[in-house]
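The chain contents come next:
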Amino acid sequence: EVFGEDLSPREFVGRVMAQVRDDGDEALRRIGGKLGDYLPERLELSCDDLATARAKAPIGLETDLKLAAERIRSFHQRQMPKNFFDKSAGLGQRWIAVGRAGLHIPSATGPLASSLLMTAIPARVAGVDEVIVCTGVTDEGVAPTIAVAAHLAEVDRVIAVSGAQAIMAMALGTVSVPKCDAIVAPGNAWVMLATREVFGLTGVSVLAGPTETLVIADLSADPAEVAADLIAQAEHGGPASPIVLTDDLALANQIASHVQEQLISLPKRETATESFSIRGGIGVVADLEEAIGISNEYGPEHLCLHVSEPNHLLGDVRNAGGVFIGSASPEVHGDYIAGPSHVMPTGGTARFSSPCGVHTFLKSMSLVQLGAEDSRQLAPIAARIARSEGLEGHARAAERRWSESHK
């Protein structure tokens, strides 16, 4: 519909990238307009725009978001790595924040102020110079909750563009959207595909697409709680992936019944039902060890352990964005208030990547400052290794350090 052609999702993302690269802001307006997005005359929101929206926030919400922000900030401050330099060895490492971070905050199905806190605060703790937020707006302006979160997280700029085109703008740069050194982009499948496409043009460490929750439950689990946790994720849509593995068939049936019962009064019933029908399910396994094995193959974004002895299983968990241990630690607390960022790897990428955190916005720099004697002793070894690789120039450069020390 946007381009008048029958395109696959990846082809669509590629076409968006090409047009944003060639036409910048004009492409953002053209693509957004065809998708039904509202784009104000000036894409970057002013301080007055944000202040006006913030004043419309529900009473008490800023207090709640402030507490969440404090917990998120505290967690990520403890996550900061330390620089080191060993004078005796002449070796060290420095951690340096990227200059500019770009964050995509979904708003199409509801303004996710929590996602803004969960991405912008780690960037600020890491020491990023400039934090940019791209998010959708309406003709009434930016959502009040987004304005409050932007204030609490000390965001530098908020720009009214969203979707795959926003990712491309942050990766390539336009007149209104500055080029970013790292991008974190929770969102739907289109946003995740766009984020994957710009890898190499900018820093991408988290592919955060439609949400996934895998619950492992035994007879100690409350089936109504498990059902509620599944529905909480299913209503994100995308479609989300709500799955249960249990070693008890009777519990599986009870959970299924509670899901059906609780869906009846859910405002987003259709969205949640679609998630269950497309990417949800309940599996009965022989034992909890088999459940953990399946989980490790799957690598879910969220792994919830509703079992009597969750810590006994924890040591065997290898692949998950976050683990929620026991009934008192529901994933919904992780969404809003626990502390770790809720932006976690999806699509199996938890097998090799980590949740958003300070490391997302940091890069390390190796330091080498050898003493003259160390350099002399290492030179002939380096030269021999270089010649074994057929690199005579390397060998001569090393040997010059040895010969210079004997002049």
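Our subject is the structure listed above.
Quick summary incoming for the structure in this document. (Residues numbered from 1 in each chain as written. Predicted model: local features only at pLDDT ≥ 70, side-chain atom pairs only at ≥ 80, totals over all residues. Heavy atoms only, no water.)

## Points about helix α6 (residues 144–152)
Given 3.6 residues per helical turn, the α-helix brings residues three or four places apart onto the same face. For α6, the tally of buried residues reaches 7 of 9 residues, placing the bulk of the element in the interior. Residues of α6 that are buried include every one of Thr-145, Ile-146, Ala-147, Val-148, Ala-149, Ala-150 and Leu-152, and no others. Contacts from the buried residues of α6 go to α3 (47–55), α4 (61–79), β3 (100–105), α5 (113–126), β4 (130–135) and β5 (157–159). (Buried < 20%, exposed > 50% of the residue type's maximum accessible area, 1.4 Å probe, protein only. Helix = DSSP H or I, 4+ residues; strand = E, 2+ residues; numbered from the N terminus. Contact = heavy atoms within 4.5 Å.)

## A few points about the layout of surface pockets
Unfilled space is identified by rolling a water-sized probe across the atoms. The space that makes up the second largest pocket amounts to roughly 230 Å³. Along the walls of the second largest pocket sit 14 residues, with Ser-46, Cys-47, Leu-50, Val-155 and Asp-156 positioned nearest its centre. For the lining of the second largest pocket, the secondary-structure elements that each account for two or more residues are α3, α6 and β5. The greatest single-element share of the lining of the second largest pocket, amounting to 4 residues, is contributed by α3. (1 Å grid on protein atoms, 1.4 Å probe; cavity = no way out; pocket = protein on both sides within 12 Å on 5 of 7 lines; lining within 4 Å. Points joined across faces, edges and corners; volume = space filled by probe spheres on them.)

## Focus on the sheet that holds strand β10 (residues 302–306)
Taken in spatial order, the 5 strands of this open sheet run β9-β8-β7-β10-β11, and their pairing is parallel. The open sheet has two edge strands with one neighbour each: β9 (281–284) and β11 (322–325). The average undirected angle you get between the axes of adjacent strands in this sheet is 15°. Examined bridge by bridge, strand β8 (residues 241–246) and β9 share 4 bridges and lie parallel to one another. When the sheet's bridge partners are listed, Val-244 is paired in β9 with Ile-282. Sitting on the sheet, helix α10 (residues 249–263) is in contact with β7 (212–217), β8 and β9, with an inclination near 170° to β9. With respect to the sheet, helix α11 (residues 269–279) is in contact with β7 and β8, its orientation differing from that of β8 by roughly 60°. (Pairing = 2+ DSSP bridges. Axes fitted to C-alpha atoms, helices over the stretch in contact; angles between N-to-C directions.)

## Structural notes on the nonpolar core
Of all hydrophobic cores here, the largest spans 47 residues; its most connected members are Leu-103, Leu-116, Leu-117, Val-128, Val-142, Val-155 and Phe-361. Only α3, α4, β3, α5, β4, α6 and β6 (182–184) provide two or more residues apiece to this core. If you tally residues by element for this core, the top one is α5, at 9 residues. Excluding residues that lie within four positions of it along the chain, Leu-116 makes contacts with Ile-105, Ile-121, Val-133, Ile-146, Ala-149, Ala-150, Ala-153 and Val-155. One finds Val-16, Ala-27, Leu-43 and Val-177 within the second-largest nonpolar core, a separate group that totals 33 residues. (Core = buried A, V, L, I, M, F, W, Y, C linked by side-chain atoms within 4.5 Å.)

## Points about the pairing of β3
Across a regular strand the side chains alternate sides, sitting on one face of the sheet and then on the other. Burial analysis of β3 places 5 of its 6 residues in the buried class, which makes it a mostly covered element. The β-α-β motif built from β3, the intervening α5 and the parallel element β4 has right-handed crossover chirality. Judged from the 3 bridges that link them, β3 and β6 form a sheet pairing that is parallel. Note on β6: the bridge partner recorded for Gly-102 is Ile-183. (Right-handed = clockwise from strand over helix to strand, strands pointing away.)

## Considerations on the sheet that holds strand β2 (residues 91–97)
As summarised here, the arrangement of the 3 strands in space is β1-β2-β12, forming an open sheet in which the pairing is antiparallel. The open sheet terminates on both sides in strands that have one partner only, identified here as β1 (84–86) and β12 (362–368). Within this sheet the neighbouring strands show an average axis-to-axis angle of 20°, counted without direction. Pairing between β2 and β12: 7 bridges, direction antiparallel. The partner of Gln-93 across the bridge, within β12, is Ser-366.

## As for the side chain of His-306
The residue His-306 is located in strand β10 in this model. Overall, the relative accessible area of 6% leaves His-306 in the buried class. Among the polar contacts made by the side chain of His-306, one reaches the side chain of Asp-229 at a distance of 3.0 Å. When neighbours within four sequence positions are excluded, His-306 is seen to be in contact with Val-215, Ile-216, Ala-217, Asp-218, Ser-220, Ala-221, Glu-225, Val-226, Asp-229 and Ser-327. (Polar contact = N/O pair within 3.5 Å; in protein donor to acceptor, adjacent residues only side chain to side chain.)

## So, a nonpolar patch on the surface
A grouping of Leu-91, Val-368, Leu-370, Leu-378, Ile-381 and Ile-385 is seen on the molecular surface, where their side chains present a nonpolar patch of about 520 Å² in accessible area. With 3 residues, helix α15 (residues 372–388) is the single largest residue contributor to the nonpolar patch. Within the secondary structure layout, Leu-370 lies in the loop between β12 and α15. Exposure remark for Leu-370: the relative accessible area of 37% places this residue in the partly exposed category. (Patch = residues over 30% accessible without salt bridge, like charges linked within 9 Å, V, L, I, M, F, W, Y side chains within 5 Å. Areas by Shrake-Rupley, 256 points an atom, 1.4 Å probe, with all protein chains shown as cover. Salt bridge = Lys/Arg side-chain N within 4 Å of Asp/Glu carboxyl O.)

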